[in-house]
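Observations on the three-dimensional arrangement
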Amino acid sequence: MSKETYQLNQDFLWGGAIAAHQAEGAWQAGGKGVSIADVLTAGAHNLPRQITDGVVEGLNYPNHHGIEFYDTYKEDLALMAEMGFKAFRTSIAWTRIFPNGDDAEPNEAGLAFYDDLFDEMHKHGIEPVITLQHFEMPYHLVEAYGGWSNRQVIDLFVRYAEVVFKRYRDKVTYWMTHNEISNQTAISDDPIYQFLVWTNSGIRFDEQATLKDKQEAMVQAGHYELVASARAVKIGHEINPDFVIGGMANVAPFYPATPSPADMLAWQKARQARDWMMDVHVRGEYPSDMEKFFERSGFRPDITDQDREDLRAGVVDYMAISYYNSTTVRAVSDKDAEMEDFGNFEIVKNDYIKTNDWDWGIDPQGLRFTLNEMNELYPGLKIMIVENGIGAYDTIEADGTIHDPYRVDYLREHIREMEKAVVLDGVDVIGFLSWGPIDIVSAGTGEMKKRYGYIYVDLDDMGEGSGQRLKKDSFYWYREVIASGGQTLD
Ligand code: P53
């Protein structure tokens, strides 16, 4: 196998990414309100997390403690700095700033916490990359407004964005609006779909909801989120013209199961059914197939002329993406005629791709493929990879070392494919932030044992343990990757 090496520019943003709800814990500290992540119980592989009505005594809610990053961020950031991080992505917990979402005034204790956090990053020369909404809107907005199904939430989100843009005007340059906004387009009857719509939009379906009902709710909520994002982008640029504000989407590429024309079309439609949100972020307009779908489906979403103007005025400066795996689809005829082309495919196993212990595919070339695909769709677009990595079980040896060659293998191959996309294909990738550089609570399962980190955190799925931080072998490997500008991968 060829072992070409590639070196990226000096200003390339190497680092890692977490989200507030998976790390901070301290779910009621400093006046924080209850978020939609605070009512998610622990699940496991093949056991969905439950969404409870408020916080129920006696159940295990792993996000309540996270890894206590709220109290440990100084020592944790020092470890990131030791690896040479240039950038670190986290999110602001909306509920620390507006505990209920519709409070008259922002919460000063919450604002002060992020002042200190960003100051600490700058002390180490680490650039903050900040997500405004990462799976955690205020629970009150769900109960009182119906989450993102309600147009009023646009104004509440924009006000929150404006408050933090002003407050951190000189501390944060890189922002993104809604984490993995298009997860909710994966409409299905699988329980994981309810989880995805909950985390994106704070929407809960009743048991009778049909696929068509889910589709309509998703399109409407997605539209409001896109308008909120666009209005935030515009206001952000007014507050500081140097802000770089992106949208954020998961971009697992689609592959066709066979070269049959029916599978090829199903593949293309699957991609369009997911990527319309990214189109709106980048181009400020709905793609033609969505407009046609609105016209003929009998479903008229609430999209005003003012919304369309707002979307055009708030196109993003870059796209932040997460990349973990790829998805292979084949055509099914008329699976859901009602849903038009949205539903006419099904996901199949791809025999060319290995999987991890949670059945997530491992497909490094898919990263180069998807970066090229994005560059074809949106020529010249700046892209920041803000999540990539492998969830794995780790074992601590008697001497306290942790050997994680599987993690190094995964990241090495993905970084190499990214470098090919940059150096050989000319895709404008501006950063690589691997997911969970320190072990955190899994979003999908709520487990602690699904670990992504270079830094081990001694806590188990019940939140028990010393909380001690230990360096895994991958810690030293990633330090070399960064020090060499991506040239030393082996
Ligand atoms: P975990 C679904 C599909 C793709 C990415 O996931 C996803 C999800 C939701 O689980 O989540 C992103 O922790 C997300 C992170 C999350 C990470 O991927 O389930 O932005 O919050 O932790 C990894 O292994």
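Basis of the calculations
Residues numbered from 1 in each chain as written. Predicted model: local features only at pLDDT ≥ 70, side-chain atom pairs only at ≥ 80, totals over all residues. Heavy atoms only, no water. UniProt positions renumbered as here; feature names shortened; annotations may be inferred. Helix = DSSP H or I, 4+ residues; strand = E, 2+ residues; numbered from the N terminus. Buried < 20%, exposed > 50% of the residue type's maximum accessible area, 1.4 Å probe, protein only. Lys, Arg positive; Asp, Glu negative; His and termini not counted. Salt bridge = Lys/Arg side-chain N within 4 Å of Asp/Glu carboxyl O. Core = buried A, V, L, I, M, F, W, Y, C linked by side-chain atoms within 4.5 Å. Contact = heavy atoms within 4.5 Å.

Looking at an unreviewed UniProt entry, one finds the protein named 6-phospho-beta-glucosidase, with Leuconostoc lactis as its source organism. Looking at the Sequence similarities (unreviewed entry) heading of the UniProt record, one finds this comment for the protein: "Belongs to the glycosyl hydrolase 1 family."

Some words on the side chain of Glu136
Summarising the element assignment, Glu136 is placed in the loop between strand S3 (127–133) and helix H5 (139–145). One buried charged residue, Glu136, forms no salt bridge at all, with the nearest opposite charge on Lys32 at 5.3 Å.

Some points on the nonpolar core
Core analysis: the biggest nonpolar cluster contains 148 residues, and Trp175, Met418 and Tyr478 have the highest contact counts within it. The element best represented in this core is helix H8 (residues 211–239), accounting for 13 residues. With near-sequence residues (within four places) excluded, Trp175 lies in contact with Ile92, Ile130, Leu132, Val164, Phe165, Tyr168, Phe243, Val244, Ile245, Gly246 and Tyr318. In this structure, Phe254, Ala266, Trp267 and Phe345 belong to the second largest nonpolar core, which totals six residues.

Remarks on the pattern of salt bridges
Evaluation of the coordinates by the stated rule reveals 40 salt bridges. In this structure, Asp189 engages Lys214 in a salt bridge whose closest nitrogen and oxygen atoms are separated by 3.2 Å. Here Asp189, found in the loop between strand S4 (174–178) and helix H7 (191–201), pairs with Lys214, found in helix H8; they are 25 residues apart in sequence, far enough to count as distant. Among the residues examined, Asp189 registers a relative accessible area of 58% and is labelled exposed. Judged by its relative accessible area of 9%, Lys214 falls in the buried class. Asp279 is paired through a salt bridge with Arg283; the nearest N and O atoms lie 3.7 Å apart. Of this pair, Asp279 and Arg283 both sit in helix H9 (residues 261–283), four residues apart, which is roughly one turn of that helix. The class for Asp279 is buried, based on a relative accessible area of 11%. The exposure class of Arg283 is partly exposed, given its relative accessible area of 42%.

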